[in-house]
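# Results of the structural survey
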Amino acid sequence: LITDAESVRQELVEHYGYPAERITAIPLGASPAFRPHTPDEASAHIAQWDLQPNGYSLYVGTIEPRKNLDRLLTAYESLPQVLRQRFPLVLAGGSGWRSEHTHQRMARAANAGWLRYLRYVSQADLPALYAGARVFVYPSLYEGFGLPVLEAMASGVPVITSNCSSLPEVIGSTGLQIHPEDEAALARAIVRALQDDPWRMQAREAGLRRSAQFSWQRCVEQTVQVYRRLQQKTG
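The rules behind the values
- Residues numbered from 1 in each chain as written.
- Predicted model: local features only at pLDDT ≥ 70, side-chain atom pairs only at ≥ 80, totals over all residues.
- Heavy atoms only, no water.
- Helix = DSSP H or I, 4+ residues; strand = E, 2+ residues; numbered from the N terminus.
- Expected span 1.5 Å × (residues − 1).
- Buried < 20%, exposed > 50% of the residue type's maximum accessible area, 1.4 Å probe, protein only.
- Arc of directions from axis to C-beta.
- Contact = heavy atoms within 4.5 Å.
- Phe/Tyr/Trp six-rings, centres within 6.5 Å; stacked < 30°, edge-to-face > 60°.
- 1 Å grid on protein atoms, 1.4 Å probe; cavity = no way out; pocket = protein on both sides within 12 Å on 5 of 7 lines; lining within 4 Å.
- Points joined across faces, edges and corners; volume = space filled by probe spheres on them.
- Nonpolar A, V, L, I, M, F, W, Y, C, P; charged D, E, K, R; others polar.
- Axes fitted to C-alpha atoms, helices over the stretch in contact; angles between N-to-C directions.
- Parallel < 35°, antiparallel > 145°, perpendicular 65-115°, else oblique.
- Left-handed = near helix turned anticlockwise from the far one by under 90°.

### Quick word on helix α10 (residues 197–211)
Spanning 15 residues, α10 covers 21 Å between terminal C-alpha atoms, matching the ideal 21 Å at 1.5 Å per step. The complete set of buried residues in α10 reads Trp 199, Arg 200, Ala 203, Ala 206, Gly 207 and Ser 211. Along the axis of α10, the buried residues cluster in a sector spanning 135 degrees; they form a single face. Turned more than 90 degrees away from the buried face of α10 sit Pro 198 and Arg 209, all of them exposed. Where α10 is buried, its residues touch α7 (147–154), β8 (176–178) and α9 (183–195).

### Structural notes on the packing of aromatic side chains
For the structure on display, the rule yields six aromatic pairs. Note on Tyr 76 and Trp 114: the rings are 5.9 Å apart at their centroids and 15 degrees apart in plane angle, and the pair reads as stacked. Of the two residues, Tyr 76 sits in helix α3 (residues 69–77) while Trp 114 sits in the loop between α5 (100–112) and β5 (115–119), which places them 38 residues apart along the sequence. Overall, Tyr 76 belongs to the buried group, its relative accessible area being 0%. The class of Trp 114 is buried, set by a relative accessible area of 4%. Ring plane angle 45 degrees and centroid distance 5.4 Å describe the contact between Tyr 130 and Phe 136, whose orientation is recorded as tilted.

### Examining the layout of surface pockets
Estimates place the volume of the largest pocket at around 280 Å³. Lining the largest pocket are 18 residues; nearest its centre among them are Asn 54, Ala 131, Ala 133, Gly 156 and Arg 204. The residue makeup of the lining of the largest pocket, split by class, is nine nonpolar, six polar and three charged. Taken as a whole, the second largest pocket holds about 230 Å³ of empty space. Lining the second largest pocket are Leu 1, Ile 2, Tyr 18, Glu 21, Arg 22, Ile 23, Thr 24, Val 226, Arg 229, Leu 230 and Lys 233. If one sorts the elements of the lining of the second largest pocket by residue count, helix α11 (residues 216–234) sits on top with four residues. When the residues that make up the lining of the second largest pocket are grouped by side-chain class, the tally is six nonpolar, one polar and four charged.

### Quick word on the packing of α3 against α5
Remark: α3 packs on α5, axes separated minimally by 10 Å, with the N-to-C direction vectors making an angle of 20 degrees. Put simply, α3 runs roughly parallel to α5. Taken as a pair, α3 and α5 cross one another with a handedness that is left-handed. Contacts between α3 and α5 pair Leu 69, Asp 70, Leu 73, Thr 74 and Glu 77 from the former with His 101, Thr 102, Arg 105 and Met 106 from the latter. The class makeup of the residues in the contact of α3 with α5 is three nonpolar, three polar and three charged.

Purely spatial values, then, with no claim about function.
Right, here's the structure in full:
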């Protein structure tokens, strides 16, 4: 078996008793399209949503319970009003299962002026949306890999994410990790990411270095190595 994270590999061993030596964890990669943009580059795409480079917090993913968005909304609502208005929370992604209550909260936040819901964003516009963000927030309860975190780091954006499942494998020592059920810790992390410019620069550079360790080429090469080992065993 091939998994895309060591945490998933361990789950297969612990919950299903599958032999560890028969499972290989091979991380995914980010498209080269996800890279830092100049303010002018980002503006050319994000102006359609009336967004300014470095002027918003971002989440990208499906709107569903697993993504922990209700806690994100609670944490963001607890921020000082001036901070919420200056840096609105932008959500991009389709509607998933059991999301009606979350959408109702999102609508109230949008009416209050501190949230924008973009729904589906095209692949052509997504890299600029990432690169234009001041911080990327991804407090998911569970991920098999967490590709949006990698895409954000590759875009030169500081990341806040959860300290569970596969997400620590992706973010490493860059960015900020919080317990996904700790709304107060999430709020503190967001405030720091929005206001602490020295930390933001450090997290940006560390994230770029970290993301460079992941690539689809490396994923392909490691996958081929697994097939070669199997071929050698079967003769």
